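Residue-level structure breakdown
This is what each chain is made of:
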Amino acid sequence: VSNGISAPTTMAFAPDGPIFVAQQAGALRVIKNNALLPTPFISLTVSSSGERGLLGVAIDPDFLTNHYIYLYYTVPGSPAHNRISRFTANGDVALAGSESIVLEIDPLSSATIHNGGAMHFGKDGKLYVAIGENGTASNAQNLDTYHGKMLRINKDGTVPQGNPFTSGSEQRKRVWAYGFRNPYTFSIHPTTGRILVNDVGG
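Now for a description of the structure that goes with this document. What you see is a predicted model; the values in this text were computed from it and never measured. (Residues numbered from 1 in each chain as written. Predicted model: local features only at pLDDT ≥ 70, side-chain atom pairs only at ≥ 80, totals over all residues. Heavy atoms only, no water.)

1. Observations concerning the overall build of the chain
Heads up, the condition is: In this text, helices come from DSSP runs of H or I with a minimum length of four residues, and strands from runs of E with a minimum of two, each type numbered from the N-terminal end. For the radius of gyration, the atom set is restricted to C-alpha positions; the globular benchmark scales as 2.2 Å times the number of residues to the power 0.38. Only protein chains enter the area calculation, which uses a 1.4 Å probe; residues under 20% of their type maximum are buried, those over 50% are exposed, and those in between are partly exposed. Whether two residues touch is decided by their heavy atoms; if any such pair falls within 4.5 Å, the residues are in contact. Each accessible area is a Shrake-Rupley estimate made with a 1.4 Å probe; only the visible protein chains count as cover when residues are assessed.
A tally of regular secondary structure across the chain gives two helices and 16 strands. For a compact globule of 202 residues, the expected C-alpha radius of gyration is about 17 Å, and the chain comes in at 16 Å, within 12% of that figure. Expressed as lengths along the three principal axes of its C-alpha atoms, the size of the chain is roughly 45 × 35 × 30 Å. Put simply, the chain has 202 residues, and 49% of those count as buried. The contacts in the chain between residues at least 6 apart in sequence include a share of 48% that link residues at least 24 apart. A total of about 9,300 Å² of accessible surface is found on the chain, and carbon and sulfur atoms cover 50% of it.

2. Focus: the pattern of salt bridges
Worth spelling out the cut-off: The salt bridge definition used is simple: a Lys or Arg side-chain nitrogen within 4 Å of an Asp or Glu carboxyl oxygen.
Counted according to the given criterion, the structure contains nine salt bridges. Across the pair Glu99 and Arg83 runs a salt bridge, and its minimum N-O distance is 3.9 Å. Remark: Arg83 occurs in strand 8 (residues 81-90) and Glu99 occurs in the loop between strand 9 (93-94) and strand 10 (100-107); sequence separation between them is 16 residues. We classify Glu99 as partly exposed; its relative accessible area is 34%. By relative accessible area, which is 14% here, Arg83 ends up buried. Close ionic contact of Glu170 with Arg174 constitutes a salt bridge, the shortest N to O distance being 3.1 Å. One end of the pair, Glu170, and the other, Arg174, are both in helix 2 (residues 170-174), four residues apart, so they sit about a helical turn from each other. Taking relative accessible area as the criterion, Arg174 reaches 10% and is therefore assigned buried. A single network of salt bridges, built from pairs that share partners, joins Asp60, Asp62 and Lys155.

3. Observations regarding the pairing of strand 6 (residues 54-59)
Successive side chains on a regular strand alternate, one facing one side of the sheet and the next facing the other. This is how the line gets drawn: Criterion used throughout: strands pair if DSSP finds at least two bridges between them.
Burial of strand 6 is extensive: six of the six residues sit out of reach of the surface. Strand direction decides the pairing type here: strand 6 and strand 7 (residues 68-75), joined by five bridges, are antiparallel. Looking across to strand 7, one finds that Val57 is bridged to Leu71.

4. Here we look at unusual backbone geometry
With an omega of 0°, the peptide bond running from Ser78 to Pro79 counts as cis. Following the sequence through the fold, Pro79 ends up in the loop between strand 7 and strand 8. A positive phi angle, near 60°, is found at His67, a position not held by glycine. With respect to the secondary-structure elements, His67 resides in the loop between helix 1 (63-66) and strand 7. If you check the backbone angles, Asn134 has positive phi at about 60° while not being a glycine.

5. Observations regarding the packing of aromatic side chains
Between two aromatic rings, the relevant description is the distance of the centres plus the angle of the planes. Defined as follows: Side-chain rings of Phe, Tyr and Trp (the six-membered ring for Trp) are treated as a pair once their centres are within 6.5 Å; stacked means planes under 30 degrees apart, edge-to-face means over 60, and tilted covers the remaining angles.
Throughout the structure, instances matching the rule amount to four aromatic pairs. Between Phe20 and Phe41, the ring centres sit 5.4 Å apart and the planes meet at 85°, which makes this aromatic pair edge-to-face. Placement of Phe20 in strand 2 (residues 19-23) and of Phe41 in the loop between strand 4 (35-36) and strand 5 (42-43) is noted, with a sequence separation of 21 residues between them. Residue classification places Phe20 among the buried residues on the basis of a relative accessible area of 4%. Given a relative accessible area of 3%, Phe41 falls into the buried group. Between Tyr70 and Phe121, the aromatic rings sit 5.3 Å apart at their centres with planes inclined by 70°, giving edge-to-face as the arrangement. Of this pair, Tyr70 sits in strand 7 while Phe121 sits in strand 11 (residues 119-121); the two residues are 51 residues apart in sequence, bridging distant segments of the chain. Of the two residues examined, Tyr70 and Phe121, each falls in the buried class.

6. Some points on the nonpolar core
One recurring pattern in soluble globular proteins is that nonpolar side chains are buried together. Note the following rule: We call a set of buried residues a nonpolar core when its members are Ala, Val, Leu, Ile, Met, Phe, Trp, Tyr or Cys and they connect through side-chain atoms within 4.5 Å of each other.
Core analysis: the largest hydrophobic core is formed by 22 residues, its most contacted members being Phe20, Leu28, Phe41, Ile42, Leu44, Ile69 and Leu71. With four residues, strand 7 is the single largest residue contributor to this core. Apart from residues no more than four positions distant in its own chain, Leu44 is found in contact with Ala25, Gly26, Leu54, Leu71, Tyr73 and Phe87. Counting 18 residues, the second-largest nonpolar core is a separate cluster that includes Tyr72, Val102, Ile105 and Met119.

Read these as geometric descriptors, not functional statements.
Written out as C-alpha cells, the structure is:
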C-alpha cells in the first residue's frame, strides 16, 4: 500500500477511507488513495526511548461529523508519562490548537518498557485503552494505578457507568480489567463486542 514509513507502531482506518499510521517518533502519517501524504496529520514532541512514543490511535465513531482522532503518546519530562489526547481533523491535518487532553496516565519509572498504548472504541461507544505495567510486575495487581490495565472511559476521559469498581481512586474507577504485563494490541469483535487482548507475556 505504501512505503517510506519509519517505525510504525499502530494504525487506524477512517470511515471515509484514509489510513492513519502512527510513527514512534511522534508523527501521525496519512495514507490516502494508496499514497502516503508528505505532510503528517500532526507531529508531536514525544519521548521515544525504548518502547515509548506515539503508540495509539483511535478514530471517533462519529468521525464523519465531529472529525475527532484520539492519540496515546509519551510526554517527555522527569518523570515522563503517557497521555491520551483528542485532536480535530481539518482535512488531512490536525486543526491547529485543537488538542484536548482526555486523560493523563500515571508517571513512568526509569524503565522505558511496557507502555501498552492500544485504543479502540467498543460497541458501547466507550474508549478502551490498554496500558502496560511499565516494567513493574506489581502494578498489574494494583488497582490504584493505571499501569497494567485495560481502561474503559467516556470520550472525555470521565468514568462511565457500568465499570466494575465504582468507588476509590480515580484510577480504580476507570479500570475495566487488570493483571496485564504489556497489552500492546487488542481488537474488539464487531458483532459480539468481545475483546481479544495480545499481552506481551513473559
